[in-house]
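Overview (structure and organization)
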Amino acid sequence: MKKEDIPQDPSALHNITKEVSYAVDENGNYVTELSTGWDVKIKALDVAWSDIEKKVANARQKVLNNEASPLLYFMELKLMDIQILSDYTGFWKWRIRRHLKPLVFEKLSAKKLQRYATAFDVTVEALKNVNWNETGV
C-alpha cells in the first residue's frame, strides 16, 4: 500500500489512539505511518462493542433478578473473566465462582468486598448497591 493510500476513516477512538501501518513511500522504501482507522475495522469493532453492551445489560438484569451477585455485572462492565479477576484480587477462581452467588456475596467480609472494589475501581458501596443508574454505578 502506498503511503498516501493509508485509510484515515474516523472512528470512536480516533481522538484517543492511532494505529501504525506499513506503507511504501515515493522512493519505494517501507515506512511506518499513523492511521486514524479503517472503515471495515471500525464496523467490526462496533459489532464487538454492541455484543459487550448486551452482555453488560444481561449481567445487570441477572443481578437485579437476584440470579447473580454484582460481581458478574462488574466483571462484564470491566471486561474481566474469572481468571483476570483472580489475578487482580488474589482469590482462587473457585472462590470467585462461589462469590458470584447472591447469598454467598451478601455474607462477604468488608475486607473481601474491598479487594473486589479495588479491582473494579469502584467503592464498596457501589459494588453492593443494586439500584444503579443506566450508566452503571
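Every value quoted in this text rests on a predicted model; they were computed, and no experiment measured them. (Residues numbered from 1 in each chain as written. Predicted model: local features only at pLDDT ≥ 70, side-chain atom pairs only at ≥ 80, totals over all residues. Heavy atoms only, no water.)

Attention now goes to the packing of aromatic side chains. Following the criterion strictly, the structure yields five aromatic pairs and no others. Between the aromatic rings of Y73 and F74, the centroid separation amounts to 5.2 Å while the plane-to-plane angle is 80°, which identifies the pairing as edge-to-face. When its relative accessible area of 2% is taken as the criterion, Y73 is described as buried. The exposure class assigned to F74 is buried, which follows from its relative accessible area of 0%. Lying over the aromatic face of F91, R115 brings its terminal NZ or CZ to 4.0 Å of the ring centre. (Phe/Tyr/Trp six-rings, centres within 6.5 Å; stacked < 30°, edge-to-face > 60°. Buried < 20%, exposed > 50% of the residue type's maximum accessible area, 1.4 Å probe, protein only. Lys NZ or Arg CZ within 6 Å of the ring centre and 35° of its normal.)

To continue, consider a nonpolar patch on the surface. On the surface, V20, Y22, Y30 and L34 cluster together into a nonpolar patch covering about 530 Å² of accessible area. Mapped onto the fold, Y30 is located in strand β2 (residues 30-35). (Patch = residues over 30% accessible without salt bridge, like charges linked within 9 Å, V, L, I, M, F, W, Y side chains within 5 Å. Areas by Shrake-Rupley, 256 points an atom, 1.4 Å probe, with all protein chains shown as cover. Salt bridge = Lys/Arg side-chain N within 4 Å of Asp/Glu carboxyl O. Helix = DSSP H or I, 4+ residues; strand = E, 2+ residues; numbered from the N terminus.)

Turning our eyes to something else, we now look at the side chain of T89. Inspection of the secondary structure assignment puts T89 in helix α3 (residues 82-89). From its side chain, T89 meets the backbone oxygen of L85 in a polar contact 2.8 Å long. (Polar contact = N/O pair within 3.5 Å; in protein donor to acceptor, adjacent residues only side chain to side chain.)

Two strands pair when backbone bridges link them, and strand β1 (residues 19-24) and β2 are joined in this way by six bridges, in the antiparallel orientation. Considered in β2, the bridge of V20 is made with L34. Hairpin connection, β1 to β2: the antiparallel pair is bridged by five residues, and G28 has positive phi, about 85°. (Pairing = 2+ DSSP bridges.)

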